[in-house]
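Examination of the molecular architecture
Here's the letter readout for the chains.
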Amino acid sequence: MKRFTQLYLEVERTTRTSEKADALRRYFDNAPDQDAAWALAVLTGRRPVRAAPTKRLRAWAADAAGLPAWLVDECYSAVGDLSETLALLLPAPDPDRAAQGEAEPLHQVMQERLVPLAHMHEAQQRASVEDTWASRGPMQRFVFHKLMGGAFRFGAAKKVVANALAASAGVDPAVMQHRLAGDFQPTADAYRALRQGDAADPARPYPFYLAHPLEDDPAERLEDPAHWLAEWKWDGIRAQLLRREGRCVLWSRGDEVVTGAFPEISAAAADLPDGLVLDGEILAWDHQAAADTPDASSAASAGGALRNSGVPLPFASLQKRLNRKDVQPALFPDVPVAFMAYDILERDGQDLRPQPTQARRDQLEAGSEHFDHQTIRLSPRITFSNWQELAELRQESRKRGVEGVMLKRLDAPYGVGRTDKGRWWKWKVDPFTIDAVMVAAQRGHGRRASLFTDYTFALWTGPERGQGELTPIAKAYSGLTDAEFVEVDRFIQKNTVGKKGAYRGVAPELVFELAFEAVRESSRHKSGLAVRFPRMARWRKDKRPEDADTLSALRALQPNNPAQQGGPA
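Given the structure is predicted, the values throughout are model-derived calculations rather than measurements.

1. Focus: the overall build of the protein chain
Helix and strand counts for the protein chain come out as 22 helices and 20 strands. Relative to the 2.2 N^0.38 estimate, which gives 25 Å for 569 residues, the radius of gyration of the protein chain is 26 Å and therefore close to what a compact globule would have. The long-range share in the protein chain, meaning contacts at least 24 apart out of those at least 6 apart in sequence, stands at 72%. Just so you have it, the protein chain exposes about 26,200 Å², and 49% of that area is on carbon and sulfur atoms. On the protein chain, the mean spot of the 76 positive side-chain charges and the mean spot of the 77 negative ones are 3 Å from each other.

Structure representation (structure tokens):
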């Protein structure tokens, strides 16, 4: 545990990716295989479920420290990180016990202390946690708290971890990315297999290739449109559909098996030839509806009305099916799904990723004769002769229920992650925007833990701007520069009108332009609306609170609303 704690602190103390990678490589060079296996599982997101509720942990720590709950909340507000706050408040351990406890290896802490916690009664949990506290100093307690939570935040991306392991093992990074794809059990044997190579696993997916956002005019950056394949950017769950050795496995981009959540797709995949891997999107799909826009690529998806039938449903519809291991389709008659295939990665057991996009696309279209073209569909090409024509089609994105356009170089192989910038681009439609008033704030995390950087925004309830009350509609924590965050923090410190733990009510004086991808009805929110991926587009210093928008203006941006014209607000 001591070595892992040191790794965590080293990575958190630097912003340089190279220094993070060096620290990780040193760890993998020297850690015992059992410890390294658990570290790899945690650092790549394969962690156990939340071991104990945060509310309990806070109450136990308050009792151990002899402090009232309100004082613990005040300390949390000042520190900005609950794990760190509790680690610092707890009384010092006995030196002899601490020396012995801190020498426990990581795998022992995980297997004997952390994993069993989730299956204990509250009294047993408390006794176990207090025993761990009594045998650890502040830094190990801090990391232990992080490991207990349901979201282990680490200062290095999964790709950096994989590349560091590849460097330590002397393996090509792309090969290591592939070995890490799919399921990984934190055992010494599994870890050694990653480093040394192992037999092919029929359930293992390929690493996903990711696109870069295109902010410029493609006519300026991409030159000849004849070199590019254009497709719609579907708004669903990125997934790979594997048909190997008589099995169908559906993997999400987050390395989770989601086969049980979408049994219709795996049933339809049973008719696909063996040795096939498709890359595509899981979509909520209305198979009966007719699209209200002309299909720009009917030639590529020729084959009758069945192939072109239906329209995508909003992503919010798909969320009803998520986070479920097994689903009975009869329980969700209003959320039928489809797998939209737009790439082929393996055919007859052969890895096709090194082949250029054009060759893979040709094979995908040829192999689509095995699709049922209802549950498993072929993503159509967009036919266009120049960038202006494509730009006009892109403006129809929201009307079609898509996020924009994908552009892929016809001579590009299928890569790993977000590498090789310039081969795959996502040209998303401009986001919706709305002006909102900041009404509350919380401190940030990591390097922003000392600043108020997480804000709550509100809109007017009245029919006109400045009328009615301000009702919260979204939280956002990104989009400002470091200097702007510091300036807003100063305002919050001087204009706090109420506090509850880490939460600060703020005088409603600052207006921000929020950008977001979609809005939908939501019974979980006081406003009755929820926005998707909110972020701050800019600080509107030129506007007063009474200039902010209304809930009715936000509601008008919902799909199929007559007031929506398909562009930003």
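2. Overview of the pattern of salt bridges
One pass over the structure, following the stated rule, counts 39 salt bridges. Measuring nitrogen to oxygen at the nearest pair gives 2.8 Å for the salt bridge that ties Glu 365 to Arg 361. Taken together, the positions of Glu 365 and Arg 361, both in helix α18 (residues 357–367) and four residues apart, correspond to about one turn of that helix. Salt-bridge contacts for Asp 547 lead to Arg 544; the nearest nitrogen and oxygen are separated by 3.8 Å. Bridged by salt links that share partners, the residues Glu 231, Arg 361, Asp 362, Glu 365, Arg 381 and Lys 408 form one connected network.

3. Brief notes about empty space enclosed by the protein
A complete count under the given rule lists one cavity of 30 Å³ or more for this structure. Together, Leu 229, Tyr 342, Asp 343, Thr 357, Arg 360, Arg 361 and Lys 408 line the largest cavity. Secondary-structure elements contributing two or more residues to the lining of the largest cavity are β7 (337–347) and α18. Ranked by the residues each element gives to the lining of the largest cavity, the list is headed by α18, at three residues. Residues belonging to the lining of the largest cavity are distributed by class as follows: two nonpolar, one polar and four charged.

4. A closer look at the side chain of Arg 360
Looking at the element boundaries, Arg 360 is found in helix α18. Residue classification places Arg 360 among the buried positions, given a relative accessible area of 0%. Those residues within four positions of Arg 360 in sequence are excluded, and the remaining contacts are Asp 343, Ile 344, Leu 352, Arg 353, Gln 355, Ala 412, Pro 413, Tyr 414 and Trp 424.

5. Brief notes about the pairing of strand β11 (residues 424–428)
Here two bridges tie strand β1 (residues 212–213) to β11, and the two strands are oriented parallel to one another. Paired with His 212 across the strands is Trp 425, a residue of β11. Alignment of strand β10 (residues 404–409) against β11, held across five bridges, turns out to be antiparallel. Across the sheet, residue Gly 404 finds its bridge partner in β11, namely Lys 428.

6. Quick word on helix α3 (residues 33–43)
Of all eleven residues in α3, nine are buried; the element is thus mostly enclosed. Of the positions making up α3, those classed as buried are Asp 35, Ala 36, Ala 37, Trp 38, Ala 39, Leu 40, Ala 41, Val 42 and Leu 43. Remark: Gly 45 follows α3 within two positions and exhibits a positive phi of approximately 90°.

7. Some thoughts on the nonpolar core
Within the largest apolar cluster, 59 residues are counted, with the highest numbers of intra-cluster contacts made by Phe 4, Leu 24, Phe 28 and Leu 147. A per-element tally of this core places α3 first, with eight residues. In this structure Leu 24 touches Leu 7, Leu 43, Phe 154, Ala 156, Val 160, Val 161 and Ala 164, once residues within four positions along its chain are discounted. Grouped together as the second largest cluster of nonpolar side chains are 30 residues, Ile 434, Met 438, Val 488 and Phe 491 included.

8. Concerning the packing of α3 against helix α8 (residues 106–117)
Between α3 and α8, the least distance of the axes is 7 Å, while the angle of their chain directions is 60°. One element, α3, and the other, α8, form an angle in the oblique class. The segment α3 lies against α8, with Gln 34, Asp 35, Trp 38, Ala 39 and Val 42 engaging Leu 106, His 107, Met 110, Gln 111 and Val 115. When grouped by side-chain class, the residues that make up the contact of α3 with α8 number six nonpolar, three polar and one charged.

9. Notes on the packing of aromatic side chains
To describe a pair of aromatic rings, you give the distance between the ring centres and the angle between the ring planes. Evaluation of the coordinates by the stated rule reveals 15 aromatic pairs. Ring plane angle 45° and centroid distance 4.7 Å describe the contact between Tyr 209 and Trp 424, whose orientation is recorded as tilted. Placement of Tyr 209 in the loop between α13 (188–196) and β1 and of Trp 424 in strand β11 is noted, with a sequence separation of 215 residues between them. Measuring from centroid to centroid gives 5.9 Å for Phe 432 and Phe 516, while their planes differ by 35°, and the two rings are tilted. With Phe 432 in strand β12 (residues 432–443) and Phe 516 in strand β17 (residues 511–516), the pair connects residues that are 84 residues apart, well separated along the chain. Across the pair, Phe 516 and Phe 432 agree in class, each one buried. Among the aromatic residues, those joined into a cluster by ring pairs are Tyr 455, Phe 457, Phe 485, Phe 512 and Trp 539.

10. Quick look at the sheet that holds β1
Within a sheet, neighbouring strands are paired by backbone hydrogen bonds and run either parallel or antiparallel to one another. Spatially, the four strands line up as an open sheet ordered β1-β11-β10-β2, and their pairing is mixed. Whereas interior strands pair on both sides, the edge strands pair on one side only; in this sheet they are β1 and β2 (228–233).

11. Topic: helix α2 (residues 17–30)
In a regular helix each residue adds 1.5 Å, so 14 residues correspond to 20 Å; α2 covers 20 Å between its end C-alpha atoms and thus fits that length. Residues of α2 that are buried make contact with α1 (2–12), α3, α8, α11 (158–169) and α13.

12. A closer look at a negative patch on the surface
Together, Asp 183, Asp 201, Glu 245 and Asp 274 give the surface a local cluster of negative charge. Inspection of the secondary structure puts Asp 274 in the loop between α15 (263–269) and β5 (276–286).

13. Brief notes about the packing of α8 against helix α10 (residues 138–148)
α10 packs onto α8 with a crossing angle of 50° between their chain directions and a minimal axis gap of 11 Å. Overall, the two elements α8 and α10 adopt an arrangement that is oblique. Crossing handedness for the pair α8 and α10: right-handed. Note on element contacts: α10 touches α8 through Phe 144, Leu 147 and Met 148, opposite Leu 106, Val 109, Met 110, Leu 114 and Leu 117.

Definitions and cut-offs
- Residues numbered from 1 in each chain as written.
- Predicted model: local features only at pLDDT ≥ 70, side-chain atom pairs only at ≥ 80, totals over all residues.
- Heavy atoms only, no water.
- Helix = DSSP H or I, 4+ residues; strand = E, 2+ residues; numbered from the N terminus.
- Rg over C-alpha atoms; globule rule 2.2 N^0.38 Å.
- Contact = heavy atoms within 4.5 Å.
- Areas by Shrake-Rupley, 256 points an atom, 1.4 Å probe, with all protein chains shown as cover.
- Lys, Arg positive; Asp, Glu negative; His and termini not counted.
- Charge placed at Lys NZ, Arg CZ, Asp CG, Glu CD.
- Salt bridge = Lys/Arg side-chain N within 4 Å of Asp/Glu carboxyl O.
- 1 Å grid on protein atoms, 1.4 Å probe; cavity = no way out; pocket = protein on both sides within 12 Å on 5 of 7 lines; lining within 4 Å.
- Points joined across faces, edges and corners; volume = space filled by probe spheres on them.
- Nonpolar A, V, L, I, M, F, W, Y, C, P; charged D, E, K, R; others polar.
- Buried < 20%, exposed > 50% of the residue type's maximum accessible area, 1.4 Å probe, protein only.
- Pairing = 2+ DSSP bridges.
- Core = buried A, V, L, I, M, F, W, Y, C linked by side-chain atoms within 4.5 Å.
- Axes fitted to C-alpha atoms, helices over the stretch in contact; angles between N-to-C directions.
- Parallel < 35°, antiparallel > 145°, perpendicular 65-115°, else oblique.
- Phe/Tyr/Trp six-rings, centres within 6.5 Å; stacked < 30°, edge-to-face > 60°.
- Expected span 1.5 Å × (residues − 1).
- Patch = residues over 30% accessible without salt bridge, like charges linked within 9 Å, V, L, I, M, F, W, Y side chains within 5 Å.
- Left-handed = near helix turned anticlockwise from the far one by under 90°.

In short, shape yes, function no, at least from these values alone.
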